[in-house]
Amino acid sequence: MSFMLDDVGLTHGNGFVALSHIHLSATQGESIALIGPSGAGKTSLLNTLGTSHLPTAGHMQVLGHAASAQSSASTLKVLRSRIGTVHQSAPIPMRQRVVTAVLAGKLGQWPLWKALASLAYPQDLPGARDALARVQLEDKLFARCDQLSGGQLQRVGIARVLYQQAELILADEPVSALDPALSQATVQLLVQEAAARNATLVASLHAVDLALGHFARIVGIRDGRVAFDLPVAQVTDTLLQALYANADGSAVALPTLHNLPSTPSDEPSAATPIQVIACR
């Protein structure tokens, strides 16, 4: 079992209920797409799985460990080193070199001396270069992050998780700053990376067609709850319309790669798609 959430709830300190009565589990190696309207709770669910938020109700196990407010700091630190998160806006210091940002994927696994040494001189240049090559950014190895576009920064964040070789990969809108061709190739890369290493992948995606085209299991989230959890073949237009309907029940156009609002990124159109290579 990769993770199990049993009646999990998450209420923030201001009283806002982000998640309620979540029942969700995955076996190791599954790939799951989370879909639903903005504000539905997808990011909160990913943050809870990644233990940056801990449940305020119910029980959660991740990678064989109970994760709760009672868990020790050392237990959570080790657990987090086994979880890789791709953020919508990668939390990368802008003055940092790309190689350092990628190698940061293993800071939780390295001894302290190696982590500190890598800040002065990168400890694994071949590993960082290989991860960047897989997202077509090998020429940016020594560039500063403030010289990159928004889409390139997203791909640096993905390269960091590829380098980390996490057992559980959580991706929160990992392609929001990429054009449609790069979005397709990048999601395919994440799915194939997870399959090659028997890692579990949970990805939150705005574009419904992207989720349906690459994932075998789809979880719909609305109002902080699981609306449905089904194999992709059983996800009907009726279910999707209900998931995205306005508060008054009126229908809306489903978000797809081609009708999402554009995100400023400077990302060029993909003449050469990302190379999908099984990890070594």
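Computed from a prediction, not measured in an experiment: that's the story for all the values here.

Chemist: Can you help me understand the overall build of the chain in this one?
Modeler: The helix and strand tally for the chain stands at nine helices and ten strands. For the chain, buried positions account for 48% of its 280 residues. Considering only residue pairs separated by 6 or more positions, the chain has 69% of its internal contacts joining residues 24 or more positions apart. Accessible surface computed for the chain: about 12,800 Å², of which carbon and sulfur atoms make up 53%.

Chemist: Please clarify how the nonpolar core should be interpreted in this entry.
Modeler: Counting residues in each nonpolar core, the largest one holds 55 residues, and the members touching the most others are V102 and F215. Looking at this core, the element that brings in the most residues is helix 6 (residues 150–164), giving seven residues. Excluding residues within four positions of it along the chain, V102 makes contact with A128, A131, L132, V156, A159, R160 and Y163. Judged by nonpolar contacts, the second largest core, of 26 residues, contains L19, I22, I32 and L49.

Chemist: Would you mind showing me how to read helix 9 (residues 237–244) here?
Modeler: For an α-helix the count is 3.6 residues per turn, leaving residues at separations of three or four pointing the same way. Every buried residue of helix 9 is accounted for by L240, L243 and Y244. When helix 9 is viewed along its axis, its buried side chains cluster within an angular range of 80° and face the same direction. Those residues of helix 9 that are exposed and angled more than 90 degrees off the buried face are T238 and A242. On its buried face, helix 9 sits against strand 3 (31–35), helix 8 (208–214), strand 9 (217–222) and strand 10 (225–231).

Chemist: What exactly am I supposed to notice about the packing of helix 6 against helix 7 (residues 180–197) here?
Modeler: For any two helices packed against each other, the geometry comes down to the angle between their axes and how far apart the axes lie. The N-to-C vectors of helix 6 and helix 7 enclose an angle of 10°; their axes lie 12 Å apart at closest approach. As far as their axial angle goes, helix 7 and helix 6 are roughly parallel. Every residue of helix 7 that contacts helix 6 at R155, I158 and L162 is listed here: L182, T186, L189, L190 and E193. Its residues assigned to classes, the contact of helix 6 with helix 7 comprises five nonpolar, one polar and two charged.

Chemist: Explain the environment of N47 to me, please; I cannot follow it from the model alone.
Modeler: Residue placement: N47 occurs in helix 1 (residues 42–49). In this view, N47 contacts S52 and H53; residues no more than four positions away in its chain are not counted.

Chemist: I keep staring at the pairing of strand 9 and nothing clicks. Help me out?
Modeler: Of all six residues in strand 9, five are buried, a share of seventy percent or more. Here strand 3 pairs with strand 9 via four bridges, running parallel. Paired with L34 across the strands is V219, a residue of strand 9. Connecting the antiparallel pair strand 9 and strand 10 is a turn made up of two residues, with D223 showing a positive phi of about 55°.

Chemist: Quick question: what am I supposed to make of the sheet that holds strand 9 here?
Modeler: Note: strands within a sheet are paired through backbone hydrogen bonds, in either parallel or antiparallel orientation. If you trace the six strands from one edge of the open sheet to the other, you get 6-7-8-3-9-10, paired in mixed fashion. Since the sheet does not close on itself, it has two edges, and those belong to strand 6 (83–86) and strand 10, each with one partner. Across the sheet, the axes of successive neighbouring strands diverge by a mean angle of 15°, strand direction being ignored. The pairing of strand 7 (residues 168–172) with strand 8 (residues 200–204) spans five bridges and is parallel. Across the sheet, I169 pairs through a bridge with L201, a residue of strand 8.

Chemist: Help me understand the side chain of S20 in this model?
Modeler: In this structure, S20 sits in strand 2 (residues 17–26). On the basis of relative accessibility, which here comes to 15%, the residue S20 falls in the buried class. A distance of 3.4 Å separates the side chain of S20 from the side chain of R225, its partner in a polar contact. Sequence-distant contacts of S20, that is, excluding residues within four places in its chain, are made with V8, G9, G224 and R225.

Chemist: Hey, could you run me through the environment of S250 in this one?
Modeler: Mapped onto the fold, S250 is located in the segment after helix 9. A polar side-chain atom of S250 sits 2.9 Å from a polar atom in the side chain of N246.

About the criteria used
Residues numbered from 1 in each chain as written. Predicted model: local features only at pLDDT ≥ 70, side-chain atom pairs only at ≥ 80, totals over all residues. Heavy atoms only, no water. Helix = DSSP H or I, 4+ residues; strand = E, 2+ residues; numbered from the N terminus. Buried < 20%, exposed > 50% of the residue type's maximum accessible area, 1.4 Å probe, protein only. Contact = heavy atoms within 4.5 Å. Areas by Shrake-Rupley, 256 points an atom, 1.4 Å probe, with all protein chains shown as cover. Core = buried A, V, L, I, M, F, W, Y, C linked by side-chain atoms within 4.5 Å. Arc of directions from axis to C-beta. Axes fitted to C-alpha atoms, helices over the stretch in contact; angles between N-to-C directions. Parallel < 35°, antiparallel > 145°, perpendicular 65-115°, else oblique. Nonpolar A, V, L, I, M, F, W, Y, C, P; charged D, E, K, R; others polar. Pairing = 2+ DSSP bridges. Polar contact = N/O pair within 3.5 Å; in protein donor to acceptor, adjacent residues only side chain to side chain.

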